[in-house]
Amino acid sequence: MHPTGSPADRLAAVGNQMIEIHLWLRAELTRLRESLGGARPSRDLRAHCLTFCAALGRHHTGEDAGAFRVLADEVPELRPVIANLITDHEVVAGILERVEALLADDATVPLAQVRGELDGLAALLETHFRYEEKRLVSALNALTGRPGTAEGLLGLTVPGQVSG
């Protein structure tokens with residue numbers, strides 16, 4: 001048993017931290033979609049959207065380079081699952097690029113298109129997050145001997161929480 005707060009203890013909870021990140025990303029995406037109600041995009045909407053897109057991109061890039069590589073080495077039977085998740089990450093990146101392009105011109109932001117992209121993103125992410133959590137949480141929580149932090153393996157931490 002590791003003392004509470006030790007690096008191994010914090011790393012042992014990396015799967016649980018992934019769930020917390022997913023919950024935060026879901027909530028942020030819901031807030032973002034709800035803020036699309038106005039006829040014209042506000043500067044706050046654009047900033048919130050770009051911040052959300054950057055956070056989601058960091059999370060997926062972090063998983064690809066961190067957690068997924070470790071799991072592929074330590075739990076090779078998860079490689080097909082990881083390949084599916086990486087493909088999802090590529091699809092999500094494409095959606096994020098389209099959203100950012102739609103928001104690029106202050107004068108002509110097509111809110112209906114932005115809403116459509118974010119609705120599609122929400123549906124894809126819900127399926128993606130559930131699959132990832134179902135297939136990887138136990139394996140991630142079992143990674144007690146690996147160096148690194150949850151942030152290093154997952155790309156980010158939930159704002160307001162201390163990185164392990």
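Residues numbered from 1 in each chain as written. Predicted model: local features only at pLDDT ≥ 70, side-chain atom pairs only at ≥ 80, totals over all residues. Heavy atoms only, no water.

Draft legend 1. A look at the side chain of Glu63. Looking at where Glu63 falls in the secondary structure, it is placed in helix α3 (residues 43-65). Arg26 is the oppositely charged side chain nearest to the buried, salt-bridge-free Glu63, at an N-O distance of 11 Å. If we ignore the near neighbours within four places in the chain, the residues touching Glu63 are Met18, His22, Phe68, Arg69, His89, Glu132, Leu153 and Leu154. (Helix = DSSP H or I, 4+ residues; strand = E, 2+ residues; numbered from the N terminus. Buried < 20%, exposed > 50% of the residue type's maximum accessible area, 1.4 Å probe, protein only. Lys, Arg positive; Asp, Glu negative; His and termini not counted. Salt bridge = Lys/Arg side-chain N within 4 Å of Asp/Glu carboxyl O. Contact = heavy atoms within 4.5 Å.)

Draft legend 2. Structural detail: the side chain of Glu28. Structurally, Glu28 can be placed in helix α2 (residues 14-34). A distance of 3.3 Å separates a polar atom in the side chain of Glu28 from a polar atom in the side chain of Arg31. If sequence neighbours within four positions are ignored, Glu28 has contacts with His48 and Phe52. (Polar contact = N/O pair within 3.5 Å; in protein donor to acceptor, adjacent residues only side chain to side chain.)

Draft legend 3. Highlighting the state of the cysteines. Tallying each qualifying case throughout the model produces 0 disulfides. Free cysteine Cys53: the closest other cysteine sulfur is in Cys49, separated by 4.2 Å. Cys53 sits in the buried class, given a relative accessible area of 3%. (Disulfide = S-S within 2.5 Å.)

Draft legend 4. Main features of the nonpolar core. Of all hydrophobic cores here, the largest spans 47 residues; its most connected members are Leu56, Leu71, Leu121 and Leu136. Those elements that place two or more of their residues in this core are α2, α3, α4 (67-74), α5 (79-102), α6 (111-141) and α7 (150-154). When residues of this core are assigned to their parent elements, the largest contribution, 11 residues, is made by α6. In this structure Leu136 touches Met18, Phe68, Leu71, Leu78, Val81 and Leu85, once residues within four positions along its chain are discounted. (Core = buried A, V, L, I, M, F, W, Y, C linked by side-chain atoms within 4.5 Å.)

Draft legend 5. Spotlight on the confidence of the model for the protein. Averaged over every residue, the pLDDT of the protein is 85; the share at 70 or more is 82%. Across the protein, the secondary-structure element scoring lowest on mean pLDDT is helix α1 (residues 7-12), at 50, and the one scoring highest is α5, at 95. Long-range and interchain partners of residues 1-5, a stretch whose pLDDT sits below 50, account for 5 contacts in this model, where long-range means more than four residues apart. (pLDDT = per-residue confidence, 0-100.)

Draft legend 6. Inspection of α5 at higher detail. Taking 1.5 Å as the rise per residue, α5 with 24 residues should run 34 Å; its terminal C-alpha atoms sit 35 Å apart, in good agreement. Residues of α5 that are buried include every one of Val81, Ile82, Leu85, His89, Val92, Gly94, Ile95, Leu96, Val99 and Leu102, and no others. (Expected span 1.5 Å × (residues − 1).)

Draft legend 7. Broad picture of the packing of α2 against α6. Packing of α2 against α6 leaves a shortest axis separation of 9 Å and a crossing angle of 170°. As far as their axial angle goes, α6 and α2 are roughly antiparallel. In terms of residue class, the contact of α2 with α6 is built from 14 nonpolar, 4 polar and 7 charged. (Axes fitted to C-alpha atoms, helices over the stretch in contact; angles between N-to-C directions. Parallel < 35°, antiparallel > 145°, perpendicular 65-115°, else oblique. Nonpolar A, V, L, I, M, F, W, Y, C, P; charged D, E, K, R; others polar.)

Draft legend 8. Structural context of the pattern of salt bridges. Inspection of the entire model under this criterion finds 6 salt bridges. Between Glu126 and Arg26 there is a salt bridge; the shortest N-O distance is 2.8 Å. Of this pair, Glu126 sits in helix α6 while Arg26 is found in helix α2, placing the two residues 100 residues apart along the sequence. Of the charged contacts, one joins Arg31 and Glu28 as a salt bridge, the two residues approaching to 3.3 Å between their closest N and O atoms. Here Glu28 and Arg31 lie together in helix α2, a separation of 3 residues that amounts to about one turn. The exposure class of Glu28 is buried, given its relative accessible area of 14%. Bridged by salt links that share partners, the residues Arg26, Glu126, Arg130 and Glu133 form one connected network.

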